[in-house]
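Summary of the model geometry
So the chains spell out like this:
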Amino acid sequence: MRIIIIGAGPIGCYSGYLLASSGHNVSIYEEHSEIGLPIQCTGLLTKDFDQFNIPTEKFLINKLEEVEINSPNQQAKIKVKEYLICRQKFDRHIANLAINAGAKTFTNHSFIKRNNNKIVIRNNKTKQELELSPDIVIAADGPLSKTAKAYGLYYEKRKNYYGIQATVKGEFDAKSYKTFFGKAICPDFFAWIVPESKNVARVGLASRKSPKIYFDKFIKKNGFKVIGIQAATIPIYHPKQKLQKDNCYVVGDASSFVKATTLGGIIPGMQQAKILVNCINKKKDYEKETKPLKRKLRLHLLVRKMIDQFSDTDW
């Protein structure tokens, strides 16, 4: 089948890799000029990433062994196994897997609209518009997915977090990252300090409202010297989000498949991609086959709703 994927992030490219490996004719269109840019993620992966059997050497920055959890009046430390990755190198590595499997990638190409069973893609350099007739369209174009909207697959009551992160200089324990909870720090999520090394860390937070106010206060309080800064829109999983309509499927952030507790989306998105490809290859029901993964995401959502009610004393 001829399959077009909109969005060359890790979920879109991983879908493309699996589909091309299955013998499909796959084209991946990305609106930005480079795969992996702009960076919009902390890049922290739990040990669950091991299930994909993708060696981390080409994009690994640091291995974390401990998380230090800070509330307004207590501290706890928990042993972990997590990977801090370079998102640019990671995204490109997954894209190369897709390309080596036979998928074609096109940067500087944006989804414009749907015309019945056809779609229109615009070359952002030449402004030329291409009308294409795929058998399947996969929307992997992020939390504000134009593709999902065009197919009536964007649940309008979805909500988002807005994250801000900076790369900073300082002195850090290279094997331990820190999280900070409390109304004064970040009332509806948490702040983090994730070290790349002893001298450089990624520092950020996310909020549904006014994240920059809390971010600026956190940076100032800790006296960090900012090297670079990034921002991102991060969806909150919604159980009523539909995943398929006509010949279009949604994956990753476009489908809000993000853990509401931590806002981690790479691992559930890649799990979702595996389910989707199996459904396409074996003509299974995508909505039905994703139910076990949806149950896990609903659990994260329930926990999020619970801890949203926490006071500083509860923390």
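Refer to the structure presented above.
Since this is a predicted model, take the numbers as computed values, not measurements. Residues take numbers from 1 onward in each chain, read along the sequence in its written order. The predicted nature of this model means local features are confined to residues of pLDDT at least 70 and side-chain atom pairs, given and counted, to a pLDDT of 80 or more, with totals for whole chains, interfaces and linings taken over all residues. The basis for the side-chain values is all heavy atoms of the structure; hydrogens and waters are excluded.

**Observations concerning the sheet that holds strand E10 (residues 136–139)**
Cut-off, in case you're wondering: Pairing between strands is defined by DSSP: at least two bridges between the two strands are required. A run of H or I in DSSP becomes a helix once it reaches four residues, and a run of E becomes a strand once it reaches two; helices and strands are each numbered from the N terminus. Here, residues are in contact when the closest pair of their heavy atoms is within 4.5 Å. Fitted lines through C-alpha atoms serve as axes, helices being fitted only where they are in contact, and the angles separating the N-to-C directions of these axes extend from 0 to 180 degrees.
Read across the open sheet, the six strands follow the order E6-E2-E1-E10-E17-E16; overall the sheet is mixed. Across the chains shown, the open sheet's two edge strands, defined by having one partner strand only, are strand E6 (104–106) and strand E16 (244–245). Two strands pair when backbone bridges link them, and strand E2 (residues 25–29) and E6 are joined in this way by three bridges, in the parallel orientation. Paired with Tyr-29 across the bridge in E6 is Phe-106. In the packing of helix H1 (residues 10–21) onto the sheet, contacts are made with strand E1 (2–6), E2 and E10, and the angle to E2 comes to roughly 165°.

**Some points on the pairing of strand E11 (residues 160–169)**
Note the threshold: Categorising residues by exposure relies on relative accessible area from a 1.4 Å probe, with only protein chains included: less than 20% of the type maximum marks a residue as buried, more than 50% marks it as exposed, and the intermediate range marks it as partly exposed.
Burial within E11 is extensive, with eight of its 10 residues counted as buried. Inspection of the sheet shows E11 paired to strand E15 (residues 225–235) by 10 bridges, in the antiparallel sense. Residue pairing for E15: Asn-160 is matched across the bridge by Pro-235.

**Focus on the sheet that holds strand E7 (residues 109–115)**
For sheets, the rule is that strands pair by backbone hydrogen bonds, running either parallel or antiparallel. Overall, antiparallel pairing links the three strands, which are arranged E7-E8-E9 in an open sheet. For this open sheet the edge positions go to E7 and strand E9 (129–132), each flanked by a neighbour on one side alone. With direction set aside, neighbouring strand axes in the sheet form an average angle of 25°. Strand direction decides the pairing type here: E7 and strand E8 (residues 118–123), joined by six bridges, are antiparallel.

**Here we look at the packing of aromatic side chains**
Using the following cut-off: Stacked, tilted and edge-to-face are the three classes applied to pairs of Phe, Tyr and Trp rings, where Trp contributes its six-membered ring and a pair requires centres within 6.5 Å; stacked means planes under 30 degrees apart, edge-to-face means over 60, and tilted covers the rest. Only when the NZ of Lys or the CZ of Arg is both within 6 Å of the ring centre and within 35 degrees of the ring normal is a charge said to sit over the ring.
Tallied over the entire structure, the rule returns 17 aromatic pairs. Relative to Trp-315, the ring of Phe-310 has its centre 4.9 Å away and its plane inclined at 70°; by these criteria the two rings are edge-to-face. One aromatic cluster is present, built from ring pairs that chain together Tyr-161, Phe-181, Phe-189, Phe-190, Trp-192, Phe-310 and Trp-315. Across the ring face of Tyr-154, the terminal group of Lys-149 is positioned such that the distance to the ring centre comes to 4.8 Å.

**Brief notes about the side chain of Ser-15**
Residue placement: Ser-15 occurs in helix H1. Excluding residues that lie within four positions of it along the chain, Ser-15 makes contacts with Ile-5, Val-251, Ala-273 and Val-277.

**Describing the pattern of salt bridges**
The test is simple: Within this document, salt bridges are pairs made up of a side-chain nitrogen of Lys or Arg and a carboxyl oxygen of Asp or Glu, the two lying within 4 Å of each other.
Evaluated as defined, the whole model comprises 13 salt bridges. For Arg-202, the salt bridge is made with Glu-196, and the minimal N-O distance between the two is 2.8 Å. What makes Arg-202 buried here is its relative accessible area of 8%. Beyond isolated ion pairs, a larger network of salt bridges with shared partners links Asp-188, Arg-208, Arg-304 and Asp-308.

**A short note on helix H2 (residues 87–100)**
Stated formally: What a helix should span is 1.5 Å times the count of its residues minus one.
Helix length check: H2 (14 residues) gives 20 Å between terminal C-alpha atoms against 20 Å at 1.5 Å per residue, within 8%. Taken residue by residue, H2 has Arg-87, Phe-90, Asp-91, His-93, Ile-94, Ala-95 and Ala-98 as its buried positions. Where H2 is buried, its residues contact H1, E2, strand E5 (75–85) and helix H5 (266–282). Remark: Gly-102 follows H2 within two positions and exhibits a positive phi of approximately 120°.

**Concerning a positive patch on the surface**
Formally: Patch definition: residues above 30% relative accessible area lacking any salt bridge, with like charges linked at up to 9 Å and the nonpolar side chains Val, Leu, Ile, Met, Phe, Trp and Tyr linked at up to 5 Å. Per-residue and other accessible areas were derived by the Shrake-Rupley procedure at a 1.4 Å probe size, with only the shown protein chains allowed to occlude residues. Only four residue types enter the tally: Lys and Arg on the positive side, Asp and Glu on the negative side, with His and both chain ends excluded. Throughout, a charge is located at the NZ atom of Lys, the CZ atom of Arg, the CG atom of Asp or the CD atom of Glu.
Side chains of Arg-122, Lys-127, Lys-146 and Lys-149 sit close together on the surface and give a patch of like positive charge. Along the chain, Arg-122 turns up in strand E8. A relative accessible area of 31% places Arg-122 in the partly exposed class.

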